[in-house]
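Chain residues, written in single-letter form:
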Amino acid sequence: KNTLGIESMAHFTCIGQDEQDVDRMLAEMKSLNLENILALRGDPPADQPDFDFSRGSFRHASDLIAYIRKNNSFCIAAAAYVEGHVDAKRISKDLEYLKIKVDAGVDLLITQLFFDNRLFYNFIEEATARGINCPVSAGIMPIFRADQIKSICAKSGCSIPAKLVLLMDKYNDNPEDLRKVGVEYAANQIRDLIENGVDGIHLYTMNRPKSTREILEATGLL
């Protein structure tokens with residue numbers, strides 16, 4: 001941020017954090033001229049699948065957001081789930097929780113990955129109807145490895161359209177062709193989102209600078 005002039009966003013989770021930890025990190029961020037936070041509940045530790053969030057200072061992301069907002073002017077982003085959080089029994093209930101989270105002090109929402117833009121547009125309509133009016137950036141994750149994407153989707157509850165499953169199966173044994181398919185699919189998603197007035201794009205780059213550049217060039221963003 002200070003050397004290259006590139007905005008940065010720190011990721012905060014509720015896991016293992018108490019109020020003193022958060023205060024210390026926020027003070028350090030202020031001293032470094034950092035202004036943006038993505039506040040998340042976080043996933044349970046891999047070795048503790050039954051991790052009890054209620055034992056910590058922050059049980060939900062909304063608790064962490066409210067605490068940060070109380071005495072700070074950071075720009076706070078939070079996660080949204082186009083198809084509902086995997087732990088939510090109903091999408092309507094997930095939207096109720098999202099409204100609580102936004103009301104706690106969210107400036108911006110970033111969605112979990114999705115591969116069908118119609119799901120995103122439906123989500124925006126439902127969220128708006130519930131009074132969620134902050135900007136929403138669409139989370140786009142390019143496909144680079146079929147097994148990786150399938151694993152992420154299984155954990156997050158994200159669906160994969162049949163046509164995309166067929167493409168992954170077709171090019172699964174050719175990593176470079178699959179990468180190109182992933183770049184093209186992501187670029188098509190982004191172009192459609194931009195044409196339909198999306199607030200922003202959050203590209204999950206997966207540490208792939210070459211493919212990220214190709215996507216940005218294909219969409220005209222770079």
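Residues numbered from 1 in each chain as written. Predicted model: local features only at pLDDT ≥ 70, side-chain atom pairs only at ≥ 80, totals over all residues. Heavy atoms only, no water.

A. Quick look at the pairing of strand β3 (residues 75–80). Of all six residues in β3, five are buried; the element is thus mostly enclosed. By the bridge criterion, four bridges tie β3 to strand β4 (residues 108–111) in an arrangement that is parallel. Paired with Ala77 across the bridge in β4 is Leu108. Once the chain exits β3 it traverses helix α3 (residues 91–103) before rejoining the sheet at β4, and the crossover so formed is right-handed. (Buried < 20%, exposed > 50% of the residue type's maximum accessible area, 1.4 Å probe, protein only. Helix = DSSP H or I, 4+ residues; strand = E, 2+ residues; numbered from the N terminus. Pairing = 2+ DSSP bridges. Right-handed = clockwise from strand over helix to strand, strands pointing away.)

B. Quick look at the side chain of Lys101. Examined against the element boundaries, Lys101 turns out to sit in helix α3. Lacking a salt bridge, the buried Lys101 has Asp94 as its closest oppositely charged neighbour, with an N-O distance of 6.9 Å. Filtering out sequence-adjacent residues up to four positions away, Lys101 remains in contact with Ala61, Ser62, Ile65, Ala78, Ala79 and Val106. (Lys, Arg positive; Asp, Glu negative; His and termini not counted. Salt bridge = Lys/Arg side-chain N within 4 Å of Asp/Glu carboxyl O. Contact = heavy atoms within 4.5 Å.)

C. Region of interest: the sheet that holds strand β2 (residues 36–40). Read from one edge to the other, the open sheet built from six strands follows the order β1-β2-β3-β4-β5-β6, with strand pairing classed as parallel. Of all the strands in the sheet, just β1 (9–13) and β6 (200–203) have a single pairing partner and so form its edges. Shown here is a sheet whose adjacent strand axes are inclined to one another by a mean of 30 degrees, direction ignored. By the bridge criterion, five bridges tie β1 to β2 in an arrangement that is parallel. Residue pairing in the sheet places Phe12 in a bridge with Ala39 of β2. Each of β1 and β2 touches helix α1 (residues 19–31); the most contacted strand, β1, lies at about 180 degrees to it. (Axes fitted to C-alpha atoms, helices over the stretch in contact; angles between N-to-C directions.)

D. Quick look at the packing of aromatic side chains. This structure, assessed with the given rule, holds three aromatic pairs. For the ring pair Phe120 and Tyr121, a centre distance of 6.0 Å and an interplane angle of 70 degrees mean the geometry is edge-to-face. Taken together, the ring pairs connect Phe114, Phe120 and Tyr121 into an aromatic cluster. (Phe/Tyr/Trp six-rings, centres within 6.5 Å; stacked < 30°, edge-to-face > 60°.)

E. Broad picture of the packing of α1 against helix α2 (residues 61–70). Interhelical geometry of α1 versus α2 gives an angle of 50 degrees and a closest axis separation of 11 Å. Taken together, the axis directions place α1 and α2 in an arrangement best described as oblique. Between α1 and α2 lies a crossing of right-handed hand. Taken together, the residues of α2 that come into contact with α1 (itself represented by Glu19, Val22, Asp23 and Leu26) are Leu64, Tyr67 and Ile68. The class makeup of the residues in the contact of α1 with α2 is five nonpolar, no polar and two charged. (Parallel < 35°, antiparallel > 145°, perpendicular 65-115°, else oblique. Left-handed = near helix turned anticlockwise from the far one by under 90°. Nonpolar A, V, L, I, M, F, W, Y, C, P; charged D, E, K, R; others polar.)

The values are spatial; any link to function lies outside them.
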